Amino acid sequence: FAQRERAGFTAKAPRWAIAYKYAAEQAETKLNSITIQVGRTGALTPVAELEPVFLAGSTIARATLHNEDEIKRKDIRIGDTVIIEKAGEVIPAVVRVVLSKRPRNSESFDFEKFLHGQCPVCGGKIARDPKYVVWRCENLQCPAQATRRLEFFTARGALDIESVGGIVADKLVERNLVREPLDLFELKLEQLATLNLGNEESPRIFGEKNATKAIVAIERAKTFPLSRWIFALAIPDVGKTTAQDLAKFHETIEDVAKSDLLQGVLDYHEKISELPGLKKEKPERFEKLKKEISEIAARLIESNFAAPSKSKAEKESGIVTKIGPVVAKSVLDFFADEKGRKILRR
């Protein structure tokens, strides 16, 4: 029990335990085509459209292909016969290609060529993100991105505006009633009540009863705790647990955007990275930096945003912070950007 206590937990699981899983059930089917989905950050995700096959309790017709590198690594081609399984017993994924059944005229999948260099939804320019193995649509006004952002914002774990998901989110963006999630708070009952969820030939009106329910949920969201709002803003690298940690140490969104604690984390790690080699080359600078690092560490520990490190390699001013430097930079950069400043003003 003492060792368990010492090992502790991550945000999702205990560090002192490991789960073994049985080999996933697999099935063979044909990959008929590949479609591209556009996410809330503009990320383009390839999806395999499959010949429907029964697997582990359900019929599977689609499976994620993750990204361009994954397609190249497995040499997946349209027309291939593939082996699929449910990753983690849930998400269908292509495991490998049955090469003996590959059509003779098949061609390697070229992501950019397949899309003709354009977003499949808005026709905007696409580019490969140099930081990650992903292609992105560079058009910030892309309707698909706007819809995904709205769905994330209204999800149960975020602001829980259940009435404004799926087809409703699609139509709100399509009818130009919502371009950014915060536009929800400017919607009028009449606009929602008359929203056509169908088309001109087969109209399907949202209705006053549903619209009233949605408006009540939107108003309720204003009273939600700061952690839910931080998460709902979809700041890169910020999940539910991180959002809760940030909310514990800040009163408002403005406090998070201009956080001295997050800046302290960045300053601490920046100065630590300067230390190697300075002791011999520039002893005065070394001592000055050590003093500054100790002062930052003391300030963060005093605010309970950090604790002294138990690592033997980090004696004196070594600390472990509640939020790491990557997340701290991500949050501060988000609100320093024009888009983040606009969100903050609203």
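Placed above this text is the structure.
Residues numbered from 1 in each chain as written. Predicted model: local features only at pLDDT ≥ 70, side-chain atom pairs only at ≥ 80, totals over all residues. Heavy atoms only, no water.

Engineer: Please give an account of the environment of Leu233 that cites residues and values.
Structural biologist: By the secondary structure assignment, Leu233 is in the loop between α8 (226–232) and α9 (240–248). Linking Leu233 and Ile36, residues 197 residues apart in sequence, is a C-alpha distance of 25 Å. Excluding residues within four positions of it along the chain, Leu233 makes contact with Ile253, Phe334, Phe335 and Ile343. (Helix = DSSP H or I, 4+ residues; strand = E, 2+ residues; numbered from the N terminus. Contact = heavy atoms within 4.5 Å.)

Engineer: Which residues make up the side chain of Thr154, and what are the values?
Structural biologist: In this fold, Thr154 is placed in helix α4 (residues 143–154). We classify Thr154 as buried; its relative accessible area is 4%. Within the structure, the side chain of Thr154 is placed 3.3 Å from the backbone oxygen of Glu151, a separation counted as a polar contact. Not counting chain neighbours up to four residues away, the residues in contact with Thr154 comprise Asp160, Ile161, Glu162, Val164 and Leu184. (Buried < 20%, exposed > 50% of the residue type's maximum accessible area, 1.4 Å probe, protein only. Polar contact = N/O pair within 3.5 Å; in protein donor to acceptor, adjacent residues only side chain to side chain.)

Engineer: Can you tell me about the nonpolar core, naming the residues and giving the values?
Structural biologist: Among the nonpolar cores identified, the biggest contains 64 residues, and Leu172, Leu184, Ile230, Val331 and Phe335 are the most heavily contacted of them. Core analysis: the second largest hydrophobic core is formed by 28 residues, Leu65, Val97, Phe109 and Cys119 among them. (Core = buried A, V, L, I, M, F, W, Y, C linked by side-chain atoms within 4.5 Å.)

Engineer: So what about the state of the cysteines? Which residues, and what values?
Structural biologist: Enumeration according to the criterion identifies 0 disulfides in this entry. No disulfide involves Cys119; its nearest neighbouring cysteine sulfur is the one of Cys122, lying 3.7 Å away. On the basis of relative accessible area, Cys119 is assigned to the buried category, the value being 4%. Between Cys122, a free cysteine, and Cys137, which holds the nearest cysteine sulfur, the sulfur-to-sulfur gap is 3.6 Å. (Disulfide = S-S within 2.5 Å.)

Engineer: Explain unusual backbone geometry to me, using residue names and the numbers behind them.
Structural biologist: One can expect most non-glycine residues to show negative phi and most peptide bonds to be in trans. Residue Ala56 is not a glycine yet carries a positive backbone phi of 45°. Note on placement: Ala56 falls in the loop between β2 (43–55) and β3 (58–64). Residue class for Ala56 comes out partly exposed when judged on its relative accessible area of 32%. Even without a glycine there, the phi angle at His116 is positive, about 55°. Following the sequence through the fold, His116 ends up in the loop between α3 (111–115) and β6 (126–129).

Engineer: Give me the packing of aromatic side chains: which residues, what numbers.
Structural biologist: Under the defined criterion, the tally for this structure stands at 10 aromatic pairs. Between the aromatic rings of Phe153 and Phe185, the centroid separation amounts to 6.4 Å while the plane-to-plane angle is 85°, which identifies the pairing as edge-to-face. Within this pair, whereas Phe153 is found in helix α4, its partner Phe185 is found in the loop between α5 (166–174) and α6 (189–193), the two being separated by 32 residues in sequence. Members of the aromatic cluster, connected to one another through ring pairs, are Phe109, Phe111, Phe114 and Trp135. The aromatic ring of Trp16 is capped on one face by Arg4, whose charged end is 4.0 Å from the ring centroid. (Phe/Tyr/Trp six-rings, centres within 6.5 Å; stacked < 30°, edge-to-face > 60°. Lys NZ or Arg CZ within 6 Å of the ring centre and 35° of its normal.)

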